[in-house]
2 protein chains.
Amino acid sequence: MASTQNPHPHALFGLIEALRCLPGVGPKSAQRMAYHLLQHDRQGATALATALQHALKGLTHCQRCNTFSETDLCDRCASSKRDATQLCVVETPVDMNMMEQTQAYQGLYYVLMGRISPLDGVGPRALGLDKLIERVQDGAVREVILATNYTNEGEATAHYITTLLAAEGIKVSRLARGVPVGGELEFVDSGTLAQALRERRILE
Amino acid sequence: MASTQNPHPHALFGLIEALRCLPGVGPKSAQRMAYHLLQHDRQGATALATALQHALKGLTHCQRCNTFSETDLCDRCASSKRDATQLCVVETPVDMNMMEQTQAYQGLYYVLMGRISPLDGVGPRALGLDKLIERVQDGAVREVILATNYTNEGEATAHYITTLLAAEGIKVSRLARGVPVGGELEFVDSGTLAQALRERRILE
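Treat the numbers as computed from the prediction; the structure is a model and nothing was measured.

**Q** What am I meant to see in the overall build of chain A here?
**A** Along its length, chain A carries eight helices and six strands. Counting from the amino terminus, helix and strand elements in chain A follow one another as α-α-α-β-β-α-β-α-β-α-β-α-β-α. Taken against the 2.2 N^0.38 rule, which gives 17 Å for 204 residues, the C-alpha radius of gyration of chain A at 22 Å runs more than 25% over that of a compact globule. Taking the principal axes of the C-alpha coordinates as reference, chain A spans close to 80 × 45 × 30 Å. Classification of the 204 residues of chain A by burial places 41% in the buried group. Across chain A, every contact between residues at least 6 apart in sequence was considered, and the portion connecting residues at least 24 apart equals 49%.

Right, dumping it as structure tokens:
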């Protein structure tokens, strides 16, 4: 009987295994990716290896907002054009980019790089919330806007941060919940609708 | 107005772009992957960069069967235990592995590393079918088993190879089509069922 244990040459097997560190990539996808790169895009594979090493070496966290940055202070924190009295707390750099895309916010950010998630073993300490408290105490911040997700974990994180900041005498706000812009009530889930009702605005 | 053009530091932007060489990875997934690697799996990212370079440097094509190999001749082609009179032609190394897993085939393989696909600009020449013809003329091969997919492109490829081999006086066969083992007629598509009827076996 021919051997069917490990059908791949060593270097190929290693690549397939290594690709599985990517989120959402299982054994089948990893195999497909490896074959694709080796057969159809060796140039892309070379570029990817270089980019990984470049990013690992060049990227650190901004000392003020904690997002990824190539310098001690990211461009945004270093800018004098931002409103230093507002600090928006988000879970990830992606969320920060989403906020920026609204073009409705001129303040600064703090990126948690995660959320409180007891199931994944991430408590307030692992999340480094002490760094956030330190950031808030710079004398300029007047309002902390909590823009964590409206998931259970994001809510728990927001709640915990609110408690922490209560002692600091700083205004804490939370993104409004409600019907999406352009949304039809028919297609909004009832939890959202109930919140939108409870948090209804008085029209002037 | 704050800049919203490129919200990523240079090295991060480079990594996100580079990840898009992976099949099925769009801008959103690439961004998610980059953040994940940098925040949660720097070790995995380092390993991936190394594995890519290792694979690019170490893997070439087996001179006989054309699959990926770290040596001029892959283990299978170098083995004396395989039946050199049978040559199974498959589209990809994955297909070869599928055939091996059946444990029902003891012959050798030829891996096309693709299929004839005019829409993608892959003709018989780009597929290197001359290398297959050369392989078949080794004096040992008695039967070529075409195991390309039963897609339009796989069928066209099989048809073209059949024509090429007609001149060589070598027996050419094709994997049977039919009802899957354990399959219920109710759930088999009518094309397959029609083929299964046309290609019915006489029971002895």
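**Q** Which parts of the structure should I look at to understand the interface of chain A and chain B?
**A** Accessible area lost upon the coming together of the parts serves often as the stated size of an interface. On the side of chain B, 55 residues touch chain A, which itself brings 56 residues to the contact. Roughly 5300 Å² of surface becomes buried between chain A and chain B when both sides are summed, with 68% attributable to carbon and sulfur atoms. For the interface between chain A and chain B, the tally reads zero salt bridges. The interface formed by chain A and chain B contains eleven residue pairs in polar contact (both at pLDDT 80 or more). Among the elements of the structure, helix H1 (10-19), helix H2 (27-40), helix H3 (42-58), strand E2 (68-69) and helix H5 (93-101) of chain A are those that each provide at least two residues to the side of chain A that touches chain B. Of the residues in the side of chain A that touches chain B, the class split is 31 nonpolar, 18 polar and seven charged.

**Q** Please explain unusual backbone geometry as it appears in this structure.
**A** Leaving glycine aside, a negative phi is the common case for residues, and trans is the common case for peptide bonds. Residues and elements named next belong to chain B. Residues other than glycine seldom take positive phi values, yet Asn-66 does so here, at roughly 75 degrees. Among the secondary structure elements, Asn-66 is positioned in the loop between strand E1 (60-61) and strand E2 (68-69). Using a relative accessible area of 9% as the deciding quantity, one classes Asn-66 as buried. Positive phi outside glycine occurs at Gln-103, with the angle close to 55 degrees. If you trace the backbone, Gln-103 turns up in the loop between helix H5 (93-101) and strand E4 (107-111). Judged by relative accessible area, Gln-103 falls into the partly exposed class, the value being 41%.

**Q** Could you clarify how one ought to interpret helix H2 (residues 27-40) of chain B in this entry?
**A** Residue pairs three or four apart in sequence face the same way in an α-helix, which turns once every 3.6 residues. The terminal C-alpha atoms of H2 of chain B lie 20 Å apart, and with 14 residues this matches the ideal 20 Å at 1.5 Å per residue to within 8%. Considered for burial, the residues of H2 of chain B that qualify are Ala-30, Gln-31, Met-33, Ala-34, Tyr-35, Leu-37 and Leu-38 of chain B.

**Q** How should the relation of the copies chain A and chain B be read in this particular structure?
**A** Related by rotation about an axis and a shift along that axis, the two copies of the chain form a pair. In the superposition of chain A on chain B (RMSD 0.1 Å, axial shift 0.0 Å), the rotation amounts to 180 degrees. Viewed as a symmetry operation, the transformation between the two copies matches a two-fold axis. Minimal C-alpha distance to the rotation axis in chain A is attained by Ala-49 of chain A, lying at 2.1 Å. A shared interface surface links the copies, since 96% of the contact residues of chain A are contact residues in chain B too.

Cut-off values and rules
Residues numbered from 1 in each chain as written. Chains lettered and ligands numbered in written order. Predicted model: local features only at pLDDT ≥ 70, side-chain atom pairs only at ≥ 80, totals over all residues. Heavy atoms only, no water. Helix = DSSP H or I, 4+ residues; strand = E, 2+ residues; numbered from the N terminus. Rg over C-alpha atoms; globule rule 2.2 N^0.38 Å. Buried < 20%, exposed > 50% of the residue type's maximum accessible area, 1.4 Å probe, protein only. Contact = heavy atoms within 4.5 Å. Buried area = accessible area lost by both parts, 1.4 Å probe. Salt bridge = Lys/Arg side-chain N within 4 Å of Asp/Glu carboxyl O. Polar contact = N/O pair within 3.5 Å; in protein donor to acceptor, adjacent residues only side chain to side chain. Nonpolar A, V, L, I, M, F, W, Y, C, P; charged D, E, K, R; others polar. Expected span 1.5 Å × (residues − 1). Least-squares fit on C-alpha atoms with pLDDT ≥ 70 in both.

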